[in-house]
Amino acid sequence: MAWVNWTKVSLLKKNSGLGIKNLRLTNKSILPKWSWRYATQRSTPWRNIAQQKGMVNKNIALPADNITVQGNILRRNITRMVPEIQRFVTFKINDGKNIIFWFDHWTDRGSIKDMFPVIFKACKHKQATISEMIRDGSWQGNFKANLNQNEQMEWDILLRDLGHVPTLVDEDDDVHFVENVCPKSCYNATIIIFCG
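These lines cover the structure that appears in this document, whether it is placed above or below. (Residues numbered from 1 in each chain as written. Predicted model: local features only at pLDDT ≥ 70, side-chain atom pairs only at ≥ 80, totals over all residues. Heavy atoms only, no water.)

Considering the pattern of salt bridges
What counts here: The salt bridge criterion pairs a side-chain nitrogen of Lys or Arg with a carboxyl oxygen of Asp or Glu, the two atoms within 4 Å. Think of it in three bands: with a 1.4 Å probe and only protein chains considered, a residue is buried below 20% of the maximum accessible area for its type, exposed above 50%, and partly exposed in between.
Applying the stated rule across the entire model yields three salt bridges. Here K113 and D114 are joined by a salt bridge, their closest N and O atoms 2.9 Å apart. For K113, a relative accessible area of 24% corresponds to the partly exposed category. By sharing partners, the salt bridges in this structure join R109, R160 and D161 into a single network.

Right, dumping it as structure tokens:
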């Protein structure tokens, strides 16, 4: 009996593979579609059910996980995929209630928690939206304690990098996916990324 590497078997036929679907990658390629649906289909019953089952804030654009709630594997798998699809998402800030300040990639450089890990660790409300971070026209942090010198320096750099505070208007934030998020395109991209 000849053994064949599963990676080669899973490759598309046009890439010299047998085209047999890898079920783990198939599942991974379907999950971004659920995140897309969560962001674009705000009034659907399944979104309301997902929110009741442990999502942090019903207004946020992309699903975020409430780590204190146990169970619901589908919800956890969907929220686990959000960091991977963030590079395909752009945000337009309107009321600031749908975008998570620390996690969402609403700046052109990625998530703030990744750019400023010291101040992120010091913050008290890690799931704060942009509107919750703005008070009286300026950025306001909610921290666990008084900031030490390093934390204060990083906070000052963050404020400098953010520049002006956006003017919030009474309209939902816009979420746009750069590419069409369909399971087939996600699967093909996943095969190329993971199987070469």
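Some thoughts on the packing of aromatic side chains
Any pair of aromatic rings gets described here by the distance separating the centres and the angle formed by the planes. Basically, it comes down to this: For Phe, Tyr and Trp, rings pair up if their centres lie within 6.5 Å, where Trp contributes its six-membered ring, and each pair is then called stacked (planes under 30 degrees apart), edge-to-face (over 60) or tilted (otherwise). The numbering of helices and of strands both runs from the N terminus, where a helix is a DSSP run of H or I of at least 4 residues and a strand a run of E of at least 2.
Inspection of every chain in the model, using the stated rule, returns seven aromatic pairs. With a centroid separation of 5.7 Å and 45° between ring planes, the pair formed by F101 and W106 is classed as tilted. What makes F101 buried here is its relative accessible area of 0%. We classify W106 as buried; its relative accessible area is 14%. For the ring pair F143 and W155, a centre distance of 5.2 Å and an interplane angle of 85° mean the geometry is edge-to-face. Remark: W155 occurs in helix α8 (residues 149–162) and F143 occurs in the loop between β3 (138–139) and α8; sequence separation between them is 12 residues. The class for W155 is buried, based on a relative accessible area of 6%.

Some thoughts on unusual backbone geometry
With phi around 50°, D136 is a residue other than glycine that occupies positive phi space. Of note, D136 is situated in the loop between β2 (134–135) and β3. Under the relative-accessibility criterion, D136 is labelled exposed at 84%.

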